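A closer look at the structure
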Amino acid sequence: MMDIERHEFDVVVIGAGGAGLRAAIEARQQGKKTAIVCKSLFGKAHTVMAEGGAAAAMGNVNPADNWQVHFRDTMRGGKFLNNWRMAELHAKEAPDRVWELEAWGALFDRTKDGKISQRNFGGHEYPRLAHVGDRTGLEMIRTLQQRVVALQQEDYAVHGDYEAYIKVFAECTITRLLKDDEGAIAGAFGYRRETGRLLRIDTPAVVLATGGIGKSYVVTSNSWEYTGDGHALALLAGAKLINMEFIQFHPTGMVWPPSVRGILVTESVRGDGGVLRNSEGKRFMFDYIPEVFKDKYATTEEEADRWYTDQAGNRRPPELLPRDEVARAINSEVKAGRGSPQGGVFLDVSSRLPAEEIRRRLPSMHHQFKELADVDITAEPMQVGPTCHYVMGGVEVDADTAAASVPGLFAAGEVSGGMHGSNRLGGNSLSDLLVFGRRAGAGAAAYIDGLERRPVAPEDAVAAAQAEVLAPLERPGENPYEVHHELQRTMNELVGIIRKAGEMTEALSAVEKLRERAKGVGAAGSRIYNPGWHLCLDLRNMLLVSECVARAALARQESRGGHTRDDYPDMTPEWRRRLLVCSAAPDGTAVNVQEQPQPSMRADLITLFERGELSKYLTDEEMAEYDLAVK
Ligand code: FAD
């Protein structure tokens, strides 16, 4: 076997976004030697791109806000498919996590009386997103990294070594999780992107915090790292993925020029007063308010506009409906021939706010459109359309500890599933990262404390991981970029925003063929910074995850949240009771989707909702449980 760099840690956190950093901080605070591994540069995680803010019911702008209202909004946004325990923990703990961030040095925008400012966002009843202009993710990562450095300085003072308790492995990609003979996590295997050197880290606990899967789609707001690695690593290690059919298509991505198609236009534009219009100049969202939301959204432009200054006396503008509703509405307008010249619709803030105010509130958006599209958003509308943005599905975890079904495996952030149900509300990801990142770090630490012995990876597993990584370099093979592009097109066109059984069946057979072709992809050149080789390895993950998405989407015969079926346009209570769970064989074959019943909500939580609202979502059997609970 060739020379493999070898390390040993108590906890290995894969991913250095908000979830990974918060998990690592927690594990270190609980005295565990912790490695943070990330495939991009340290500081360049996806979290950095988050613009709008972190949702937390602090009640700074509207004192009527509290965790119960946030819980209700989250469950409504997810169309009641959420893991209710996760939604409860999230709503209760998010304010503390934001205040903690402030104590660690985060500089949030302020209200006039000096509190952390909170802004409006789709699906949130009150202004709830703590923010820093439209660069909140950047401030979050800066603060968490600063906290990591502070802990390293403490460790230096005690142990004379900055890396005694937290070591960062930047630009390292993990390709396999290693398990011992009894099936417990024993390590992680990967390579250094810059040198191609192979790497093995022995550890009893791995926290997956690898983010999403957007790079399986052509039009996406996600950057190159989002290849579903953590989802695939979990699946290959024997863990399960849930809710994979639910992908969030953000309603407003840039549609022009083609080179930047998909790049996000933050929801804050609408939260701060921006409106959507079609080619006829009509504010069309009033035509798309679904029955379940009818009493919560304004039905006239006058009422919608009054809401910005008087929220107690008016209903919200329909531009602030949950993302799935807005994305579908834009899709329908474009299909009906009422789109903008470049195939989107118009998002106008220029006629709604003074130029100076736009530059102050939305500096990144102003810069982004000026630089990338030569459009001045203070003077003319933007053209926007749906873009693949977020995956609600992910590793099935225990809500309290973030533990997956494989002993020693934990997951937090976008790679985990359940919290957001069928659709995530904007702002609920950044708070999710903090709440469940912390819980995952604590869960891993507690797991280690309970171990009698440290699991050891068998050498043949290490040899197999090595052979798998090196294989693409040892064959001439097909160009991986061609296979990748075809996968992206297949997923965009056949398992995209509106789905049909025939098209998804076609997608599954296309993915099967692409998986065959992927076995033969190869990369010329050496192991030294070779992106073609890296893509060959990422393809395994994207193909596996895409198959899960397509299989689960084909199985779910209803429309709900991020999953819209042309052939089953309605949401049905029977399907709400069913979760779809994906598993696979260790070699990635035999992807299987099984139904699992959705546990009933605890009585004190279900009674937070009105009977009339619940009856739109729950089965008669569940309504009988509700009636018993309120008695
Ligand atoms: P990330 O921040 O993506 O971090 C993933 C980490 O995993 C990276 O360090 C990556 O290098 C590493 N990694 C991946 N695979 C491997 C591997 N194989 N080996 C080693 N390392 C690996 N949400 C909100 O709540 N509010 C917002 O305002 C908001 N705005 C957004 C704007 C944009 C443009 C986008 C794209 C998303 C936005 N979101 C927002 C969503 C939110 O930013 C993400 O869901 C969240 O940041 C994900 O965080 P994470 O910690 O799970 O993963």
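What counts, and where the lines are drawn
Residues numbered from 1 in each chain as written. Predicted model: local features only at pLDDT ≥ 70, side-chain atom pairs only at ≥ 80, totals over all residues. Heavy atoms only, no water. Helix = DSSP H or I, 4+ residues; strand = E, 2+ residues; numbered from the N terminus. Buried < 20%, exposed > 50% of the residue type's maximum accessible area, 1.4 Å probe, protein only. Polar contact = N/O pair within 3.5 Å; in protein donor to acceptor, adjacent residues only side chain to side chain. pLDDT = per-residue confidence, 0-100. Near = heavy atom within 4 Å. Areas by Shrake-Rupley, 256 points an atom, 1.4 Å probe, with all protein chains shown as cover. Pairing = 2+ DSSP bridges. Axes fitted to C-alpha atoms, helices over the stretch in contact; angles between N-to-C directions. Phe/Tyr/Trp six-rings, centres within 6.5 Å; stacked < 30°, edge-to-face > 60°. Contact = heavy atoms within 4.5 Å. Core = buried A, V, L, I, M, F, W, Y, C linked by side-chain atoms within 4.5 Å. Lys, Arg positive; Asp, Glu negative; His and termini not counted. Salt bridge = Lys/Arg side-chain N within 4 Å of Asp/Glu carboxyl O.

Attention shifts here to the side chain of Asp-324. You can see Asp-324 is positioned in helix H8 (residues 323-335). We classify Asp-324 as buried; its relative accessible area is 6%. Engagement of the side chain of Asp-324 in a polar contact is seen with the side chain of Lys-79, the distance being 2.9 Å.

This part covers the confidence of the model for the protein. Put simply, the protein has an average pLDDT of 95, and 100% of its residues get 70 or more. Of the two predicted TM-score estimates for the complex, the pTM is 0.94 and the ipTM is 0.99.

Moving on: the site of the ligand. As a matter of local geometry, the ligand sits amid 39 residues, with His-46, Thr-47, Gly-52, Tyr-226 and Asp-229 nearest to it. A distance of 3.2 Å is found between a nitrogen atom of the ligand and a backbone nitrogen or oxygen belonging to Glu-51. Contact distances for the ligand include 2.7 Å between an oxygen atom and a backbone N or O atom of Leu-430. Protein chains shield 98% of the accessible area of the ligand, which is 1,000 Å² for the free molecule.

The next point concerns the sheet that holds strand E14 (residues 275-277). Across the sheet, 4 strands lie side by side as E13-E16-E15-E14; this open sheet has antiparallel pairing. Two strands close off the open sheet at either side, each with one partner strand: strand E13 (247-254) and E14. Neighbouring strand axes in the sheet, compared pairwise and without regard to direction, differ in orientation by 45 degrees on average. Looking at chain direction, strand E15 (residues 345-348) and strand E16 (residues 382-391) are connected through 3 bridges and run antiparallel. By the bridge assignment for E16, Leu-347 is matched with Met-382.

Our next topic: the packing of aromatic side chains. Counted according to the given criterion, the structure contains 12 aromatic pairs. Where Phe-71 meets Phe-609, the ring centres are 6.1 Å apart and the plane angle is 50 degrees; that geometry is what we call tilted. Note that Phe-71 is positioned in helix H2 (residues 67-77) and Phe-609 in the loop between helix H17 (603-606) and helix H18 (611-614), a separation of 538 residues in sequence. Accessibility classification places Phe-71 together with Phe-609 in one group, the buried group. Measuring from ring centre to ring centre gives 5.7 Å for Tyr-217 and Phe-249, while their planes differ by 80 degrees; the resulting arrangement is edge-to-face. With Tyr-217 in the loop between strand E11 (205-208) and helix H5 (229-236) and Phe-249 in strand E13, the pair connects residues that are 32 residues apart, well separated along the chain. As far as burial versus exposure is concerned, Tyr-217 and Phe-249 are alike and both buried.

Further remarks concern the environment of Ile-377. Counting through the fold element by element, Ile-377 comes out in the loop between helix H10 (363-373) and E16. Its relative accessible area of 0% is what places Ile-377 among the buried residues. Through-space distance from the C-alpha of Ile-377 to that of Asp-96 is 36 Å; in sequence the pair is 281 residues apart. If sequence neighbours within four positions are ignored, Ile-377 has contacts with Val-349, Ser-350, Ile-358, Met-365, His-366, Phe-369 and Met-382.

Moving on to the pairing of E15. Direction of pairing for E14 relative to E15: antiparallel, over a ladder of 3 bridges. Bridged to Arg-277 within E15 is Phe-346.

The strand order across the open sheet built from 4 strands is E1-E10-E9-E8, with neighbouring strands paired in mixed fashion. Of all strands in the sheet, those with a lone pairing partner are strand E1 (5-8) and strand E8 (172-179), marking the two edges. Shown here is a sheet whose adjacent strand axes are inclined to one another by a mean of 20 degrees, direction ignored.

On to the nonpolar core. Membership of the largest hydrophobic core comes to 126 residues, with the highest contact counts inside it found for Leu-177, Leu-208, Val-395, Leu-409, Val-495 and Val-549. Examining the composition of this core, we find that 13 residues originate from one element, helix H15 (residues 531-555), more than from any other. In this structure, Val-495 is in contact with Tyr-217, Phe-249, Thr-490, Met-504, Ala-507, Val-549, Ala-550 and Ala-553, ignoring residues within four places of it in sequence. Membership of the second largest hydrophobic core comes to 42 residues, among which are Val-269, Leu-347, Phe-609 and Leu-614.

The next subject is H2. With 8 of 11 residues buried, H2 is to be regarded as a mostly interior element. Check the buried side of H2 and you find it contacts strand E4 (54-55), helix H3 (84-103), helix H11 (428-449), H17 and H18. Near the N-terminus of H2, the side chain that reaches the backbone nitrogen of Gln-68, with its oxygen 3.0 Å away, is that of Asn-66. Of the residues trailing H2, Lys-79 is marked for its positive phi of about 55 degrees.

What follows covers the side chain of Arg-424. Relative to the helices and strands, Arg-424 resides in the loop between strand E19 (416-417) and H11. No salt bridge is formed by the buried Arg-424; the nearest opposite charge belongs to Glu-414, separated by 6.4 Å. Arg-424 has contacts with Gln-248, Arg-323, His-389, Tyr-390, Met-392 and Ser-429, leaving out every residue within four places of it along the chain.

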